[in-house]
Amino acid sequence: MNPLLLALFAHASDTLPSAAQVAMGRTGIASETENTALSLNPGLLGLTDRYDVEGMFRYGPDNGLGWGASVVDARTSDQLAGGLFYSGDSYSPPLTIDDSPGWTIPGEEIPNRRRFHDFGLGVAFPLADRKLSLGLGALLGYYNHDRIGDGWRFDASAGVGWKPLDTLTLGLMGRGLVPWGEQDVEASTGLGVRFHPRKFVIEGNAAWLPETTDAVPLLVAAGVEQGFGPARLRAGWNLDAPTETNALSLGLGLTGQGATLEYAAWIPVTGTTGIDATQHVLSVRLAAPAEIEEP
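Parameters at a glance
- Residues numbered from 1 in each chain as written.
- Predicted model: local features only at pLDDT ≥ 70, side-chain atom pairs only at ≥ 80, totals over all residues.
- Heavy atoms only, no water.
- Helix = DSSP H or I, 4+ residues; strand = E, 2+ residues; numbered from the N terminus.
- Contact = heavy atoms within 4.5 Å.
- Areas by Shrake-Rupley, 256 points an atom, 1.4 Å probe, with all protein chains shown as cover.
- Lys, Arg positive; Asp, Glu negative; His and termini not counted.
- Charge placed at Lys NZ, Arg CZ, Asp CG, Glu CD.
- 1 Å grid on protein atoms, 1.4 Å probe; cavity = no way out; pocket = protein on both sides within 12 Å on 5 of 7 lines; lining within 4 Å.
- Points joined across faces, edges and corners; volume = space filled by probe spheres on them.
- Buried < 20%, exposed > 50% of the residue type's maximum accessible area, 1.4 Å probe, protein only.
- Pairing = 2+ DSSP bridges.
- Nonpolar A, V, L, I, M, F, W, Y, C, P; charged D, E, K, R; others polar.

Draft legend 1. Up close: the overall build of the protein. Each helix and strand in the protein was counted, giving three helices and 14 strands. Principal-axis analysis of the C-alpha atoms places the extent of the protein at approximately 80 × 35 × 35 Å. The contacts of the protein with a sequence gap of at least 6 include a subset with a gap of at least 24, amounting to 54%. For the protein, the accessible area works out to roughly 14,100 Å², and carbon and sulfur atoms hold 64% of it. Between the centroid of the 19 positive side chains of the protein and the centroid of its 34 negative side chains there is a distance of 7 Å.

The structure is reproduced here in structure tokens:
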């Protein structure tokens, strides 16, 4: 297993992972109520009538820090939904041979901090009374690394969301469609299924990485959620075949009067494990109340 690949997959700031998504095993391809849809599957944006603002903070692994904010407006118009996001990431992965300098001073630490700043938007076009939605997304990112240098990257994404039933959501997405820059977003296509009757939710994802040639190019994730009054308990599992890594995720959410506080712990159980490999995510979301229809 390549430790650098593990670090890149663990952070992946361009997907803007919320605590709820992380707690469900890093699912999200069919999560129509998550702002993560802006970058992961913009096709979901048109399936729900909502106006949400969310902030996120992430710690670990590799002394990593992540942060982000997003806003989604799927209420102002019945023909168009969209939103904006920003996410940042800073971490120090293990040095590789390619990253190492030609000579070093014995005992001197070699800095290898990597920093990302990503700006993105997503738009969707609701159809069939919000049962079907088609979306497009774009990302512009700036990176600044101690060993690699700095530069810009760009990517475009596309997705479809479909709700054949009120309790069933299906998602199809493609990312890395127009990659540009040395630190570009890895190409992937994925399917997601979310079954959500009342306060119980079960969700699964499968994503294909066509550019992976020396390992099984597959990411699989699944999670469950159960509500108890204002509380939400979550658990998930994630299989990252390219890095041969399995991870367990756990989370708790509290909701009240339009505000939601979410926490998630990401715990690798194979590959690089231990306290230093664990990731903690905290999210806060504010939802505008639905308009009261006049009698």
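Draft legend 2. A look at the layout of surface pockets. Looking at the second largest pocket, its volume works out to about 630 Å³. Forming the walls of the second largest pocket are 31 residues, and the residues nearest its centre are T33, R194, E225, R234 and R285. Broken down by secondary-structure element, the contributors of at least two residues to the lining of the second largest pocket are α2 (19–23), β1 (51–59), β9 (200–208), β11 (231–240), β13 (259–268) and β14 (279–287).

Draft legend 3. Molecular detail of the pairing of strand β5 (residues 132–145). Only one face of β5 is buried, namely the one carrying S133, G135, G137, L139, G141, Y143 and H145, since none of L132, L134, L136, A138, L140, Y142 and N144 on the opposite face is buried. Pairing analysis gives 14 bridges linking strand β4 (residues 114–127) to β5, with the strands arranged antiparallel. Looking across to β5, one finds that F116 is bridged to Y143. Taken together, β4 and the strand that follows it, β5, pair antiparallel across an intervening segment of four residues, in which A128 is found at a positive phi of about 55°. Across 14 bridges, β5 lies against strand β6 (residues 149–165) in antiparallel orientation. Along β6, the bridge assignment pairs S133 with G161. What sits between the antiparallel neighbours β5 and β6 is a turn of three residues.

Draft legend 4. Layout of empty space enclosed by the protein. Enumeration over the complete set of coordinates arrives at two cavities of 30 Å³ or more. Estimates place the volume of the largest cavity at around 60 Å³. Looking at the largest cavity, the residues that line it are D14, L38, S39, F85, L121, G137, A138, L139, D155, A156, S157 and R175. Of all the secondary-structure elements, those providing two or more residues to the lining of the largest cavity are α3 (37–40), β5 and β6. Of the residues contributing to the lining of the largest cavity, the split by class is six nonpolar, three polar and three charged. As a volume, the second largest cavity reaches approximately 50 Å³. Lining the second largest cavity are L16, P17, S18, N35, T36, E54, G55, M56, G68, A69 and S70. Secondary-structure elements contributing two or more residues to the lining of the second largest cavity are β1 and β2 (65–73). In the lining of the second largest cavity, the residues fall into four nonpolar, six polar and one charged.

Draft legend 5. Examining the pairing of β4 more closely. Only one face of β4 is buried: it carries R114, F116, D118, G120, G122, A124 and P126, and the other face, with R115, H117, F119, L121, V123, F125 and L127, is open. In terms of strand pairing, strand β3 (residues 81–91) meets β4 through eleven bridges, oriented antiparallel. By the bridge assignment, L84 is partnered in β4 with L121.

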